[in-house]
Structure formats: C-alpha cells, structure tokens
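A structural walkthrough
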Amino acid sequence: MPANGPTVAEAMRPRVIGCTLRTPVMEVARRLHEEGARRMVVASAGSDLIAGTVGELDLLRAVIEGHTEGMASDVMRLEAPATVGAGESLAAAVRRMREESIDFFVVVGGSPERPVGTLSHAELAAFAARRRAAG
Amino acid sequence: MTAATGVPAVPAAAQSLGDAARTRPVAEVMRHGVVLCDADVSARDAARTMVDRGVTSLLAVDISSELIGLVDEGSLVRAWETLDDTPCIDIVDPDPLIVDPAESVGEVARRMLAAGVTRVLVAPPPPGEESGRWSEWKERGLPLGMLTVTDILSRLEELEAVVRVRPARAGLERRSVAPWIALASILVVAAVIALVLFAYLNGTHQYTNKPGLG
C-alpha cells in the first residue's frame with residue numbers, strides 16, 4: 001500500500017555505510033567523520049549479513065577503555081539494527097523512532113529485500129530543513 | 001558537577017593513542033562558540049539553521065537573552081508532525097550536560113557515555129560554587145563552546161600521528177648512532193679494499209710468472 005505523505009526513501013541516506021569485522025577502530029572513526037554519519041553497519045567480509053553496528057558512543061567507549069587500536073568487532077553492538085521499508089511512511093518511521101527510542105534504521109528495499117540506505121536523526125534534520133510542509 | 005580541577009598536561013611520552021586522547025583538556029578539543037536560535041522560532045527553522053551552519057545542535061535563547069536550553073537533531077523527532085508550528089522552547093533539553101574546559105577529555109567522555117549523550121556544553125564554572133547544575137551555570141552567560149563525540153573522534157587521527165611519530169623518530173635517532181652500523185660500514189670498506197688488493201696482487205703475480213715472454 002503506498003504511503004500517505006513522504007516515504008522513508010525520500011529522507012534516507014541512499015547508501016549503507018559499512019565496514020567489516022576486521023576494520024580498524026580508527027578507520028571506522030575516520031569514515032563516520034568523513035561521511036557525517038552517526039552509526040555504520042558491520043558485516044563479515046564478502047557477506048551481506050549484518051553482524052552488528054558501530055556508533056559514536058561505541059567509539060567513545062573504545063577511547064575510554066583504550067581499545068582504539070582494536071577492530072570493529074571489538075567495539076560493535078551485536079544486536080541487529082532496526083529495519084524499515086524504503087516505501088513505508090516517513091511519519092510512521094519517525095513515530096517508531098520516538099516510541100521505541102530508535103536512533104538508527106537500516107532501510108531495506110528491492111526484491112529480494114536488501115539494505116538500500118540508512119535513516120537517523122541526521123537525515124531527518126536534513127529532510128526537515130529542505131521541506132516546507134510538515135513531513 | 002565538578003569544579004575546576006586544573007589543566008591536565010599531555011604526558012611527554014604518551015604510551016598509547018588512548019592515553020593521548022584521554023588526558024587532553026576539553027579546551028584543546030572543543031569547538032569554540034555556539035550557534036544560537038530564538039526560543040520562539042519553529043522546529044523546522046531550527047533544523048534549517050543546523051543544516052546551514054553545519055552543526056548538530058543549537059542553544060535556544062529567549063527575548064531577554066536568557067538561555068533556555070539545547071535543541072539538537074534528536075529534538076526534532078519530538079515535534080515531527082508539527083515542525084512548522086512547534087516553537088523550539090517546546091522541544092529543548094532544558095538541562096544539558098555542561099562541563100569545565102579544564103576537565104580531561106577522558107573524564108568528560110565517561111560522563112557523556114554515562115548520560116548517553118553525544119554533545120556537551122563547555123563553560124567555566126561559577127567561582128567558589130560546588131554545584132554546577134545548568135540552572136546555575138546559565139546565569140553566567142553564554143557557554144564557551146561545545147564538545148561532541150565527533151570532535152573527540154576527529155582529533156584521534158591527529159593524536160594518532162603524534163603518538164606514532166614519536167616512537168618512530170626515537171627509533172630513527174637510535175639507529176643513526178647505532179654502533180653496529182659503524183661496524184658494518186668498516187667491514188664493508190675493509191672487504192672492498194681486500195678484494196682490490198687481492199685482485200691487484202693476483203694479477204701482478206700471474207703477469208710476472210707468465211712463461212715464454214721475451
């Protein structure tokens with residue numbers, strides 16, 4: 001069923017920023033900074049399977065605990081990120097963020113379904129800034 | 001909230017990147033200055049200001065310039081359905097974490113992690129006061145700036161270079177005066193001289209003993 005109002009696809013970052021389990025922590029920090037992203041997905045090398053995610057606070061913990069010379073697998077969160085469909089209503093996705101305290105979605109689409117983007121507070125701010133009507 | 005603790009110096013020979021990052025004072029890593037917005041502007045206008053100014057949070061002030069609180073990207077979620085009609089004052093964090101510029105990055109990082117926040121305001125503490133709640137701090141005027149996780153992480157790269165170059169240089173200096181290099185050089189020179197002498201003497205001997213000449 002088509003979404004009423006803007007869809008997730010209109011606001012999402014249209015690609016998935018990711019790294020492998022063996023990516024150095026410093027490289028993860030560098031890429032998050034370069035991309036202006038808050039979190040990235042971690043996958044096994046040569047696989048689309050998401051093993052976890054690494055966010056800014058995970059990297060902050062690495063700084064505190066002295067793990068900055070480790071790998072993404074040392075600092076990542078193991079739980080699977082929340083997912084949302086690219087064609088779903090953006091308003092509904094934001095409602096889920098608010099009600100379930102989610103700050104990062106992996107956006108899935110296509111057939112067979114696969115990750116096509118990400119949605120976080122940063123993308124919402126950028127979307128809100130370029131829209132006149134309420135989303 | 002702690003009072004001023006003095007500026008911890010970066011150790012002369014930091015042992016690791018983590019040490020170098022943790023012992024820096026906030027004042028060396030923070031982003032100086034804050035971007036203000038009127039507490040009455042809409043949440044959407046606040047979003048535009050954040051994007052235009054390249055920041056992730058704004059300090060909301062009221063008409064009498066009193067500080068009201070902090071608006072960040074996450075605040076927008078609270079008013080998503082009414083972004084054009086919701087004033088910033090309704091979505092601000094009225095009690096943001098605020099730290100002293102003299103505190104170490106490591107100590108502040110711990111507090112950020114404990115509070116689950118990715119940004120803190122930086123302001124000097126009121127002199128002689130034990131308490132440091134936002135309600136007292138904001139009486140002292142504008143904060144000096146902000147410190148975000150991004151600021152800390154982006155400085156890691158710079159610190160990494162410092163930490164790695166130091167031992168590399170030290171090693172280079174040691175190698176330049178290492179006795180085995182001098183000894184190896186002497187041996188190589190001696191070997192070359194010996195070879196030349198051997199070749200010369202051997203050639204002369206063969207020449208002088210060559211029969212049938214004359």
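The sections below set out a description of the structure shown in this document.

Rules behind the numbers
Residues numbered from 1 in each chain as written. Chains lettered and ligands numbered in written order. Predicted model: local features only at pLDDT ≥ 70, side-chain atom pairs only at ≥ 80, totals over all residues. Helix = DSSP H or I, 4+ residues; strand = E, 2+ residues; numbered from the N terminus. Buried ≥ 20, exposed ≤ 12 C-beta atoms within 10 Å, placed from the backbone. Contact = placed C-beta atoms within 7 Å. Nonpolar A, V, L, I, M, F, W, Y, C, P; charged D, E, K, R; others polar. Pairing = 2+ DSSP bridges. Arc of directions from axis to C-beta.

In terms of regular secondary structure, chain A is built from 6 helices and 6 strands. The proportion of buried residues among the 135 residues of chain A is 39%.

Further remarks concern the interface of chain A and chain B. Quite often, the size of an interface is put as the accessible area lost when its parts meet. Across the contact, 29 residues belong to chain A and 35 residues belong to chain B. Of all the secondary-structure elements, those providing two or more residues to the side of chain A that touches chain B are α2 (25-35), α3 (56-65), α5 (90-100) and α6 (121-130) of chain A. Partitioning the side of chain A that touches chain B into residue classes produces 18 nonpolar, 5 polar and 6 charged.

A word on the sheet that holds strand β5 (residues 98-99) of chain B. Residues and elements named next belong to chain B. Strand order in the open sheet formed by 4 strands is β1-β7-β6-β5, and the pairing between neighbours is mixed. Bordering the open sheet on either side are β1 (31-32) and β5, each of which pairs with just one other strand. Where β5 and strand β6 (residues 119-122) come together, 2 bridges link them in parallel fashion. The partner of isoleucine 98 across the bridge, within β6, is leucine 121.

So, on to the pairing of strand β6 (residues 114-120) of chain A. Residue and element names in this part refer to chain A. Taken across its 7 residues, β6 has 5 buried, putting it largely inside the fold. Bridging between strand β5 (residues 104-109) and β6 involves 6 bridges; their strand directions are antiparallel. Looking at the pairing, valine 108 lines up with proline 115 of β6. Between the antiparallel neighbours β5 and β6 lie 4 residues, among them glycine 110 with a positive phi of about 80 degrees.

Take α2(A) next. Residue and element names in this part refer to chain A. Taken residue by residue, α2 has Val25, Val28, Ala29 and Leu32 as its buried positions. Take α2 and look down its axis: the buried residues cluster within an arc of 100 degrees, on one side only. Phi turns positive, to about 65 degrees, at glycine 36, one or two residues after α2.

Honestly, that's just the spatial picture; any functional story needs more than this.
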